[in-house]
Amino acid sequence: MRCDYFDKGLCRSCTWMNIPYTVQLSEKVSTVRSYLDPILASRDSNLDDFWTAPVCSPEEGFRNKAKMVVTGSAHEPNLGILDPDQHPKHHDGTGVDLSECPLYEPAIIASFEPIRRLIIAAGIEPYQVPTRRGELKHVIITVSPQQQLMIRFVLRSTDQLAPLREHLPALQDELARRQAPARVITANILPQHQALLEGDEEIHLAGDQTLTMLLNGVPLRLRPQGFFQTNTVIAAELYHRAATWIAELPEIRVVWDLYAGVGGFGLTLADTARRAGTPLRVWGMESSPQAITAGNQTVADLGLADTVQFRAGDATRLATAEERPDLVVVNPPRRGIGAELASWLNTHTDHVLYSSCHPKTLAADLEYLPDFTPVRGTVLDMFPQTAHCETLVLLSRCG
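Residues numbered from 1 in each chain as written. Predicted model: local features only at pLDDT ≥ 70, side-chain atom pairs only at ≥ 80, totals over all residues. Heavy atoms only, no water.

Another point: the overall build of the protein. Counting its secondary structure elements, the protein contains 10 helices and 16 strands. Since a compact globule built from 399 residues should have a radius of gyration of about 21 Å, the 22 Å found for the protein is in line with a globular shape. When the backbone C-alpha atoms are referred to their principal axes, the protein occupies close to 70 × 45 × 35 Å. Residue burial in the protein is summarised as follows: out of 399 residues, 55% are buried. A separation threshold of at least 6 residues defines the contact pool for the protein, and within that pool the share at least 24 residues apart is 70%. About 17,200 Å² of surface is accessible on the protein, with carbon and sulfur atoms providing 49% of the total. For the protein, the centre of its 36 positive side-chain charges and the centre of its 47 negative side-chain charges are spaced 2 Å apart. (Helix = DSSP H or I, 4+ residues; strand = E, 2+ residues; numbered from the N terminus. Rg over C-alpha atoms; globule rule 2.2 N^0.38 Å. Buried < 20%, exposed > 50% of the residue type's maximum accessible area, 1.4 Å probe, protein only. Contact = heavy atoms within 4.5 Å. Areas by Shrake-Rupley, 256 points an atom, 1.4 Å probe, with all protein chains shown as cover. Lys, Arg positive; Asp, Glu negative; His and termini not counted. Charge placed at Lys NZ, Arg CZ, Asp CG, Glu CD.)

Under the UniProt annotation, the feature "binding site: S-adenosyl-L-methionine" (unreviewed entry) is placed at Gln-229, Tyr-259, Glu-286 and Asn-331. For the largest cavity, the lining residues among the annotations just cited are Gln-229. Along the polypeptide, Gln-229 turns up in the loop between strand 9 (218-222) and helix 6 (232-247). The contacts of Gln-229, once residues within four sequence positions are left out, are Asn-64, Ala-235, Leu-238, Tyr-239, Asn-331, Met-382 and Glu-390. Take Tyr-259: it is sitting in the loop between strand 10 (254-258) and helix 7 (264-275). (UniProt positions renumbered as here; feature names shortened; annotations may be inferred. 1 Å grid on protein atoms, 1.4 Å probe; cavity = no way out; pocket = protein on both sides within 12 Å on 5 of 7 lines; lining within 4 Å.)

With respect to the element layout, Gly-303 can be found in the loop between helix 8 (289-302) and strand 12 (308-312). Placed 188 residues apart in sequence, Gly-303 and Ile-115 show a C-alpha to C-alpha distance of 37 Å.

What the seven strands build is an open sheet, ordered 3-2-1-4-5-6-7; its pairing is mixed. The two strands at the open ends of the sheet, each matched to only one other strand, are strand 3 (96-97) and strand 7 (201-207). The strands touched by helix 5 (residues 161-177) are strand 5 (149-155), strand 6 (182-189) and strand 7; relative to strand 7, the strand with the most contacts, the crossing angle is about 45 degrees. (Pairing = 2+ DSSP bridges. Axes fitted to C-alpha atoms, helices over the stretch in contact; angles between N-to-C directions.)

To continue, consider the environment of Gln-229. Judged by relative accessible area, Gln-229 falls into the buried class, the value being 5%. Between the C-alpha atoms of Gln-229 and Gly-264, which are 35 residues apart in sequence, the distance is 9.5 Å.

Once that is clear, we can look at unusual backbone geometry. We note that Gln-147 has phi near 65 degrees; this positive angle belongs to a residue other than glycine. In this structure Gln-147 comes out as partly exposed when scored by relative accessible area, which is 24%. The phi torsion at Gln-385 lies on the positive side, around 75 degrees, for a residue other than glycine. Here Gln-385 lies in the loop between strand 15 (372-380) and strand 16 (390-397).

This paragraph deals with the environment of Gln-225. By the element assignment, Gln-225 lies in the loop between strand 9 and helix 6. Separated by 145 residues in the primary sequence, Gln-225 and Pro-370 have C-alpha atoms spaced 37 Å apart. Discounting chain neighbours no more than four positions away, the residues touching Gln-225 are Arg-152, Asn-188, Glu-198, Gly-199, Asp-200, Glu-201, Glu-202 and Gln-290. Within polar-contact distance, the side chain of Gln-225 engages the side chain of Glu-202 at 3.1 Å. (Polar contact = N/O pair within 3.5 Å; in protein donor to acceptor, adjacent residues only side chain to side chain.)

With the rule as written, the count across this model stands at one cavity of 30 Å³ or more. The space that makes up the largest cavity amounts to roughly 70 Å³. Surrounding the largest cavity, Asn-64, Lys-65, Ile-140, Thr-142, Met-150, Arg-152, Leu-222, Arg-223, Pro-224, Gly-226, Phe-228 and Gln-229 form its lining. Broken down by class, the residue content of the lining of the largest cavity amounts to five nonpolar, four polar and three charged. (Points joined across faces, edges and corners; volume = space filled by probe spheres on them. Nonpolar A, V, L, I, M, F, W, Y, C, P; charged D, E, K, R; others polar.)

Here it is in structure tokens:
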């Protein structure tokens, strides 16, 4: 893959851009195995049987989310990045425009010019970091598998909501003509002068309340501040792979989905099991109330309210549930699940499915699970052109 921004030194976010993709994938697999293979060997796991082939991603056009810093002026806005010190790249405050970044899905790229025209028409001044003046800080765009958009304008205050609303119909019409319809449009309010992407307050401006991410036949509902995997192709394969592995386990009736997000794992498992005539009881926990609301919307959409429920809470401090889980799915942030939760899992379930974005913390957590044998694992390339990847591991209780 070639990128003019990288070649010209304008953007270095993709640190592996100059490395052939086959080499990238091989390096990621080697790194993951350097952390996990010693643990697998110590538990008599057959390494050849344990590891399945890594899952490749498209090299470009795979990112379903763009987080664009708005710089320049109301007459000439740019959508892109600041430098590492959070100052505009150029003295005139224009930053670096990345509206042709080849990583984004086509519908996102198609939205940049209409959004730029809206900013000009509404006369909304971009926020200038050095002077702390201006209103529009970021534009955050997410695209669904059906090429529908969620667009969020991150503003310093509510002062410019009226002109923004006035020009939304023109934006919606143009995006529809470009076959990239805006399904959800909101304003997010971030008054602080801090290196944050968004604030707490979200104001609905147009369209629906959620963006539907249809993966493997499951209509996952994404709300504006909800988390979703950034690579739709790999996310779909991640959930499909999990469901395939779990279907091969005997007597799985109760599943807990911790760090559940919008419910990708739990809902895919529940829907797959129902289709196979072996319904599961699924209980999910996630710290974000918005994500929980979205997850329970999908539960209602699928008619699974009798068997699936999501609750807001901290997965590291487990709430009690009516039934002991046969399987627990964990999909934690980079810090991992930690000793407390891992120790609880070590005595309270028979199987653990662990999805990790950081092999070092995954290896550390596996040390806290001595009563489990690693059964199967794979590397999924969620983040091409970088050193990062996702690792999926299935563990079963010894004996």
